[in-house]
Amino acid sequence: MSTQTPQSLGDYIDVVKRRWTFLAALLPGVILVSVYLAFTLPPMYRSTATLLLEESSIPEGLIKTTVTAYADEQLELVTRQVLMTDNLVRLVEEIDPYPEMTDVGMRGKARLVFENTESERVDPVTLEPLPESNALSIHYSNPDPEIAKDVASRLAVMFLSYNRETRARQAADTYTFLESQSGESSKRIDELEQRIASFKTKYGNALPDTQVRNQQAMDRLEREIDSLEQQMLLTNERKRMLELELSQINPNLFDPSGDWRAELGALRAEYAIAKQRYTADHPDVRRLRRAVEA
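Analysis parameters
- Along each chain, residue indices are assigned from 1 in the same order as the chain's sequence is written.
- Local features are withheld for residues below a pLDDT of 70 in this predicted model, meaning they are given only at 70 or higher, and side-chain atom pairs are given and counted only at 80 or more; totals for whole chains, interfaces and linings count all residues.
- Hydrogens are left out, water is left out, and the side-chain values use all remaining heavy atoms of the structure.
- The buried label goes to any residue with under 20% of its type's maximum accessible area, the exposed label to any with over 50%, and the partly exposed label to all in between, with areas taken from a 1.4 Å probe on protein chains only.
- Counting from the N terminus, the helices are the DSSP runs of H or I reaching at least four residues and the strands are the DSSP runs of E reaching at least two.
- The arc in question is formed by the directions pointing from the helix axis toward the C-beta atoms.
- A strand pair is defined by DSSP finding two or more bridges across the two strands.
- Fitted lines through C-alpha atoms serve as axes, helices being fitted only where they are in contact, and the angles separating the N-to-C directions of these axes extend from 0 to 180 degrees.
- Residues grouped as a nonpolar core are buried Ala, Val, Leu, Ile, Met, Phe, Trp, Tyr and Cys residues, joined through side-chain atoms within 4.5 Å.
- Residues are treated as being in contact if the distance between any of their heavy atoms lies within 4.5 Å.

(A) Quick look at helix H9 (residues 283–293). Restricting attention to buried positions, one finds in H9 the residues Asp 284, Val 285, Arg 287 and Leu 288. In an axial view of H9, the angular spread of the buried residues amounts to 165°, which keeps them on one side of the axis.

Here you go:
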């Protein structure tokens, strides 16, 4: 059996000393090739757009199956949906990222845009890659810096539009679900009230030894009614929050011609009214404050 002797730093130095002529002959060629490539290859400019996505205002514990935050979605799935060839063809029609490629069609240029686009989650402060984050960076590379900037900006608008449409659809689905739950709770309360009334009619003149048991059953039913009423109040509050959220979705959010000053004035007015009605920690007050700051 043979044993291997550990290599020390001196052993590697000895190897370099023995082969220095080979390294000396190879190094100038590597430097020349690197300089040649640096001066001959066309420059590539990368433009980056970073999006900070706001999480859903609906609590996760309320309805986990229909309300999910955008930051928890699979990044690859979102990228595939936004960077579909048909969407990129429309982008190429608006901004031609490769005007010198006259022999390449629209779909070919759209595929080039997809190949030169990268997206990753990043830390919202340092912009360093971070697996779990609500900040998303979109990188696009192009030989022309102005085209790189314009395409990256357009891609950011496409991501935001997809997020807005997805969350509006989820809010509508959640509203439908809560509305059905509210109807079922109302029916359940009516049934319990009828049972209590029937119980009182049937056992109103019951014997003393049964009155305690009957009273306990009535108390249990009344507690169940109170619990259902509280649930219905909570459901109605969630409905109101959803209606307010749906009413705040602005279809002209990404329209450059939209009057942002008028929208800012309306938001400040709503914020002032909300501060008079609620405390500073109320969800509506915090939401409106974030909207005004944005």
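(B) Summary view of the sheet that holds strand S2 (residues 117–122). Read from one edge to the other, the open sheet built from three strands follows the order S1-S3-S2, with strand pairing classed as antiparallel. Sheet topology places strand S1 (45–52) and S2 at the edges, where each strand pairs with a single neighbour. Adjacent strand axes in the sheet meet at a mean angle of 20°, parallel and antiparallel pairs treated alike. Pairing of S1 with strand S3 (residues 135–142), which is carried by eight bridges, proceeds in the antiparallel orientation. Among the inter-strand pairings, Tyr 45 is bridged to a residue of S3, identified as Asn 142.

(C) Fine view of the nonpolar core. In this structure, Leu 88, Val 113, Tyr 140, Val 151, Leu 155 and Phe 159 are the most contacted members of the largest nonpolar core, which totals 24 residues. Those elements that provide at least two residues to this core are S1, helix H3 (75–82), helix H4 (85–94), helix H5 (106–115), S3 and helix H6 (145–203). Of the residues forming this core, the biggest block, eight residues, is contributed by H6. Apart from the residues lying within four places of it in its own chain, the contact partners of Leu 155 are Leu 83, Leu 88, Leu 91, Thr 117, Ile 138 and Tyr 140. Ile 189, Ile 196, Leu 221 and Leu 228 belong to the second largest nonpolar core, which has seven residues in total.

(D) Representation of unusual backbone geometry. At Leu 127, a residue that is not glycine, the phi angle is positive and equals roughly 65°. Tracing the sequence through the fold places Leu 127 in the loop between S2 and S3. Using a relative accessible area of 44% as the deciding quantity, one classes Leu 127 as partly exposed.

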